[in-house]
Amino acid sequence: IVKDFYASLNHAGRNAIQGSLNKRGRQDEGHDVYVGDLIAHNRDDMPAWVLLEVLDFGGFLTFYKYCSERWGDATLLQEHYALKSVKALRNAAAHNHCVVNGFVQSGESASYTTPEVITDALNAAGIGRTKARRAKLSNLRMSQMAASLYCLNAFCTRESTAGRHHARLCQLRASYDQNADRYALNSSLVSFFDFLWKLVDIWSPDTRE
């Protein structure tokens, strides 16, 4: 499958992934101290599990999409698009961007439709296809947050992991509530946060007994 995956890529895409792996597997200043030996040992015949260990997030998403197309799996394809939003939000957070700067009706719009796995999950949770839902999910930042919360629930299924993230989100919500009077006059900001907390309740519930 790894050989078929490489064969499916165009020249630039294949060179980008293989070039990065070759550099990280060398025994020089570019050596990756964490997975460099793993890459070097498997470079000529790399099994899929090793590839998943050593790919960066972007490469992982490319492989994810390839798998969805290889097996004609529509759900995998939808998950791929949801994970692209997770990647975008992760990158923004890693650079310490103010991710809620844009919680306004005129904020930057998402250039894509919300993946069906997310809208189906919202429908099942009782948040139907209303004008308000469409307005919130058309906001790029909120769309990325919704995708991240959905993926947290869908993929991070270990109870201890879910509980840890739930606790952190509760701390964030408590901080917001403590300062709610500062935001009261900004109805747009309040509306976006109200929608965000609904998503948190759906996709990061308290798993403790």
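Look up: the structure comes first, before these words.
All chains use their own residue numbering, which begins from 1 and follows the written sequence. Thresholds applied to this predicted model are a pLDDT of at least 70 for local features of residues and 80 or more for the giving and counting of side-chain atom pairs; totals over whole chains, interfaces and linings are not thresholded and use all residues. Water and hydrogen atoms play no part in the side-chain values, which are based on all heavy atoms of the structure.

Report on the overall build of the chain, specifying residues and quantitative values.
Note on conventions: DSSP H or I runs of at least 4 residues are helices, E runs of at least 2 residues are strands, and numbering of each starts at the N terminus. The number of helices and strands found in the chain is twelve helices and zero strands. Element order for the chain, N to C, with α for helix and β for strand: α-α-α-α-α-α-α-α-α-α-α-α. In terms of overall dimensions, the chain has C-alpha extents of about 60 × 40 × 35 Å along its principal axes. Every residue pair with non-hydrogen atoms within 4.5 Å of one another is taken to be in contact. Sequence separation of at least 24 residues holds for 64% of the intrachain contacts in the chain that already meet a minimum separation of 6. In summary, the charge assignment counts Lys and Arg as positive and Asp and Glu as negative, without counting His or the chain termini. The atom standing in for a charge is NZ when the residue is Lys, CZ when it is Arg, CG when it is Asp and CD when it is Glu. Measuring between centres, the 24 positive side-chain charges of the chain sit 6 Å from its 22 negative side-chain charges.

Run through the side chain of asparagine 179, naming residues and quoting values.
Residue position: asparagine 179 is located in the loop between helix H10 (159-178) and helix H11 (180-183). Among the polar contacts made by the side chain of asparagine 179, one reaches the main-chain carbonyl oxygen of serine 175 at a distance of 2.8 Å. Polar contact is defined as a pair of N or O atoms within 3.5 Å, subject to the rule that within protein one atom must be able to donate a hydrogen and the other to accept it, and that residues adjacent in sequence are counted only when both atoms are side-chain atoms.

So, the packing of helix H5 (residues 57-70) against helix H6 (residues 74-94): which residues are in play, and what are the values?
In this analysis an axis means a line fitted to C-alpha atoms, helices contributing only their contacting stretch, and an angle means the value between N-to-C directions, from 0 to 180 degrees. Direction vectors running N to C along H5 and H6 enclose 170 degrees, while the axes themselves pass 9 Å from each other. One element, H5, and the other, H6, form an angle in the roughly antiparallel class. Only Leu76, Leu77, Glu79, His80, Tyr81, Leu83, Lys84, Val86, Lys87 and Arg90 of H6 make contact with H5, whose side of the interface consists of Phe57, Gly58, Phe60, Leu61, Tyr64, Lys65, Cys67 and Ser68. Lys, Arg, Asp and Glu make up the charged group, whereas Ala, Val, Leu, Ile, Met, Phe, Trp, Tyr, Cys and Pro make up the nonpolar group; the residues left over, Gly among them, are polar. When grouped by side-chain class, the residues that make up the contact of H5 with H6 number ten nonpolar, three polar and five charged. For classification, angles of less than 35 degrees are called roughly parallel, those exceeding 145 degrees roughly antiparallel, those between 65 and 115 degrees roughly perpendicular, and all remaining angles oblique.

Talk me through the side chain of threonine 119; I want residue IDs and the actual numbers.
Topologically, threonine 119 is positioned in helix H7 (residues 116-124). Exposure categories follow from relative accessible area, calculated using a 1.4 Å probe and restricted to protein chains: below 20% of the type maximum is buried, above 50% is exposed, and the middle band is partly exposed. With relative accessibility at 8%, the residue threonine 119 sits in the buried group. Separated by 3.1 Å, the side chain of threonine 119 and the backbone oxygen of glutamate 116 make a polar contact. Beyond its immediate chain neighbours, meaning those up to four positions away, threonine 119 contacts Thr114, Arg129 and Arg133.

Could you give an account of the nonpolar core, naming the residues involved and the relevant values?
We call a set of buried Ala, Val, Leu, Ile, Met, Phe, Trp, Tyr and Cys residues a nonpolar core when their side-chain atoms join them within 4.5 Å. Ile118, Leu149, Leu199 and Trp203 are the most contacted members of the largest nonpolar core, which totals 31 residues. Among the secondary structure elements, those contributing two or more residues to this core are H5, H6, H7, helix H9 (140-155), H10 and helix H12 (187-203). A per-element tally of this core places H12 first, with nine residues. Among residues more than four places away in sequence, those in contact with tryptophan 203 are Ile118, Ala121, Leu122, Ala146, Leu149, Tyr150 and Asn153. In terms of nonpolar packing, the next biggest core, distinct from the first, is built from 16 residues, Val2, Phe5, Leu21 and Phe63 among them.

Explain the pattern of salt bridges residue by residue, including any values.
Put simply, a salt bridge is a Lys or Arg side-chain nitrogen that is within 4 Å of an Asp or Glu carboxyl oxygen. In the structure shown here, the tally under the stated rule is six salt bridges. Here arginine 70 and aspartate 4 are joined by a salt bridge, their closest N and O atoms 3.1 Å apart. Of the two residues, arginine 70 is situated in helix H5 and aspartate 4 in helix H1 (residues 2-8); the sequence distance between them amounts to 66 residues. Since its relative accessible area comes to 40%, aspartate 4 is described here as partly exposed. Among the ionic pairs, aspartate 28 bridges to arginine 26, the shortest N-O distance being 2.8 Å. Note on aspartate 28: relative accessible area 31%, which makes it partly exposed.

Explain the packing of aromatic side chains to me, using residue names and the numbers behind them.
To pair, rings of Phe, Tyr and Trp, with the six-membered ring standing in for Trp, must have centres within 6.5 Å; the planes then decide the type, stacked if under 30 degrees apart, edge-to-face if over 60, and tilted in the middle. Evaluated as defined, the whole model comprises 13 aromatic pairs. Between the aromatic rings of phenylalanine 103 and phenylalanine 193, the centroid separation amounts to 5.4 Å while the plane-to-plane angle is 75 degrees, which identifies the pairing as edge-to-face. Here phenylalanine 103, found in the loop between H6 and H7, pairs with phenylalanine 193, found in helix H12; they are 90 residues apart in sequence, far enough to count as distant. Residue phenylalanine 103 is classed as buried on the basis of its relative accessible area, which comes to 1%. Judged by relative accessible area, which is 11%, phenylalanine 193 ranks as buried.

Tell me what's going on with H12, and back it up with residues and numbers.
Compared with the 24 Å implied by 1.5 Å per residue over 17 residues, the 25 Å span of H12 between its first and last C-alpha is a close match. Residues of H12 that are buried: Ser188, Leu189, Phe192, Phe193, Phe195, Leu196, Trp197, Leu199, Val200 and Trp203. Close packing links the buried residues of H12 with H7, helix H8 (131-137), H9, H10 and H11. Multiply 1.5 Å by the residue count of a helix minus one, and that product is the helix's expected span.

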